[in-house]
Amino acid sequence: MIPPDTLEAVVADVLASTQVIDMHTHLFAPGFGSLGLWGIDHLLTYHYLEAELFRSSPIRPEQYWALSTAQRADLIWKTLFVENNPISEAARGVIAVLHELGLDASARTLEPYRDFFREQNLTDHIARVFQLAGIESVVMTNDPLDPEESPLWDSFTSDPRFHASFHASLRLDRLLNQESAYTPAEARRFLESWATRMRAVYMAVSLPDSFQFPAPDQKRDRRNQLLTEAVLPACRDLNIPLSLMIGVRRQVNPALRLAGDASGRADLRSLEALCRDFPGNRFLVSVLSRENQHELCVYARKFSNLMPFGCWWFLNNPSTVEEITRERLEMLGTSFIPQHSDARILEQVIYKWRNTRRTLAPVLAKTYRLLADDGRAVTRDDIERDVRRLFRTNFEDWTSPSPNPTVWSPASLA
Ligand code: RAT
Ligand code: ZN
């Protein structure tokens, strides 16, 4: 039995020693060259920090975009890290990364950091970053309609070295949210061939808060038509899930570019319709609005083909992660995926997973304390089983279900 006063330390230790599968990032394997972002200049010009820059500096967006990447990074460092204390989640993250990499996080200029990153060999650096972050592998976001990315697949597929650490996911935003000339039949063939080529572990799309399924004019709704006639059948054929990231309001302030998106509450009856009408599909779902979180848990209780995941983007702050994770544990036990990093710059996985573990430790410890109060104390093995499920196997089971699923029968209980 674990003494009550060491419970949180045991939970923290189990969290620290369980390797995560980071199921949604914007990172790229080294074979993708300059698409893969890393290093101090990219860490500082992360769009979460760009949004914060404009709140503390008089610079106007058009003046900022006229600067080089290094000049932008210098300005963000000066504004958010020297003239102000870096206390926001995104700013504190940069400090944690520098510290974990053994650097003094209080330099006045970026030169010492630039020197450090210049000396790194990328392959070794990736291995060190994954080890510091406690992650086994990451899932990339791969868009075959991205003219910069698609030609690079030729060399990547022939280089199997990185497949174990960088899985692919087939992103559908361009296909579904922007104009594309494909008929549903063509789109289905296109998706099946790309998903096979990429060995995609799932397909994914982000959807606005206004997403409606079925739409009032369902027959003329191009996105819904492509969903029902191309995406969902392709996912069924390939036996992979579809990830829906619902509630993003793109470009409410276009002057901020990538930092110009916001969030909105969605009508999750659309999700209800999808889960009910397509029982042969599995859905991974994240919702961006805090107000949608409880409903998402309710729907997960109704539909076993729905897997809630992550505390996405504006929700990835300790106070909100704590609230959402508590709610999920209370309503779903361990049948959800608590977090993904959404990292865009390699080293971010260090701080994002550090923060996730730090927030999860007291939440899980409290859950076990309540259980002990009610009559059942947990062992370290019990905790390990839960954390493995949350950090790994819920995702693994959802993306690569065993080829011969054990069909449930009353006899299997005997
Ligand atoms: O969190 C982010 O970086 C956003 O800009 C989005 O990329 C979001 O995560 C998405 O995948 O659409
Ligand atoms: Zn993302």
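The structure this text deals with has already been given above.
Rules used in this analysis
- Residues numbered from 1 in each chain as written.
- Chains lettered and ligands numbered in written order.
- Predicted model: local features only at pLDDT ≥ 70, side-chain atom pairs only at ≥ 80, totals over all residues.
- Heavy atoms only, no water.
- Phe/Tyr/Trp six-rings, centres within 6.5 Å; stacked < 30°, edge-to-face > 60°.
- Helix = DSSP H or I, 4+ residues; strand = E, 2+ residues; numbered from the N terminus.
- Buried < 20%, exposed > 50% of the residue type's maximum accessible area, 1.4 Å probe, protein only.
- Lys NZ or Arg CZ within 6 Å of the ring centre and 35° of its normal.
- Core = buried A, V, L, I, M, F, W, Y, C linked by side-chain atoms within 4.5 Å.
- Contact = heavy atoms within 4.5 Å.
- 1 Å grid on protein atoms, 1.4 Å probe; cavity = no way out; pocket = protein on both sides within 12 Å on 5 of 7 lines; lining within 4 Å.
- Points joined across faces, edges and corners; volume = space filled by probe spheres on them.
- Nonpolar A, V, L, I, M, F, W, Y, C, P; charged D, E, K, R; others polar.
- Donors = N, O, S within 2.8 Å, 3.2 Å for Na, K, Ca; no water.
- Polar contact = N/O pair within 3.5 Å; in protein donor to acceptor, adjacent residues only side chain to side chain.

## Overview of the packing of aromatic side chains
Given two aromatic rings, one states the distance between the centres and the angle between the planes to describe the pair. If you walk through the whole model with that rule in mind, you get 16 aromatic pairs. Measuring from ring centre to ring centre gives 5.5 Å for Phe 54 and Tyr 64, while their planes differ by 80°; the resulting arrangement is edge-to-face. In this pair, Phe 54 sits in helix H3 (residues 47-56) while Tyr 64 sits in helix H4 (residues 61-65), placing the two residues 10 residues apart along the sequence. Tyr 64 matches Phe 54 in its accessibility class, with the two residues each being buried. Ring plane angle 75° and centroid distance 5.5 Å describe the contact between Trp 77 and Tyr 113, whose orientation is recorded as edge-to-face. With Trp 77 in helix H5 (residues 69-82) and Tyr 113 in helix H7 (residues 111-118), this residue pair connects regions lying 36 residues apart in the sequence. For the pair Trp 77 and Tyr 113, a shared accessibility class is recorded, and that class is buried. One aromatic cluster is present, formed by Phe 28, Phe 32 and Trp 153 through successive ring pairs. Over the ring of Tyr 64 we find Arg 72; its NZ or CZ atom is 5.3 Å from the centre of that ring.

## Topic: the nonpolar core
Most often, soluble globular proteins keep nonpolar side chains buried together rather than apart. Counting 138 residues, the largest nonpolar core has Leu 44, Leu 172, Leu 191, Met 203, Leu 242, Leu 244 and Ile 383 as the members making the most contacts within it. Top element by residues in this core is helix H16 (residues 348-373). It accounts for 10 residues. Residues contacting Leu 191, with those up to four places away along its chain left out, are Leu 170, Leu 172, Leu 175, Met 203, Ala 230, Val 231 and Ala 234.

## Quick look at the layout of surface pockets
The method is simple in principle: a probe with the dimensions of a water molecule rolls over the atoms, and the space it marks as empty is what remains. Here the largest pocket is characterised by a volume of approximately 1,400 Å³. Lining the largest pocket are 39 residues, with His 26, His 47, Asp 146, Leu 258 and Arg 344 positioned closest to its centre. Breaking the lining of the largest pocket down by element, the ones donating at least two residues are H3, H5, helix H10 (173-177) and strand S4 (200-207). By residue class, the composition of the lining of the largest pocket is 13 nonpolar, 12 polar and 14 charged. In this model, the second largest pocket occupies a volume close to 400 Å³. For the second largest pocket, the lining is made up of 17 residues, of which Thr 367, Tyr 368, Leu 371, Val 378 and Asp 386 are closest to its centre.

## Concerning the coordination of the zinc ion (ligand 2)
Donor atoms from the polypeptide that coordinate the zinc ion (ligand 2) comprise His 24 (NE2), His 26 (NE2) and Asp 342 (OD), at 2.0 to 2.1 Å from the metal. Summarised as a motif, the one-chain spacing of the donors to the zinc ion (ligand 2) is H-x1-H-x315-D. Of this pair, His 24 sits in the loop between strand S1 (20-22) and helix H2 (40-44) while Asp 342 sits in the loop between helix H15 (318-332) and H16; the two residues are 318 residues apart in sequence, bridging distant segments of the chain. The exposure class assigned to Asp 342 is buried, which follows from its relative accessible area of 7%.

## Here we look at the environment of Arg 326
Relative to the helices and strands, Arg 326 resides in helix H15. Sequence separation between Arg 326 and Leu 364 is 38 residues; the distance between their C-alpha atoms is 8.2 Å.

## Overview of the side chain of His 26
Counting through the fold element by element, His 26 comes out in the loop between S1 and H2. There is a polar contact of 2.8 Å between the side chain of His 26 and the side chain of Asp 342. Setting aside its immediate chain neighbours within four residues, His 26 contacts Thr 141, Arg 171, Asp 342, Ala 343 and Arg 344.

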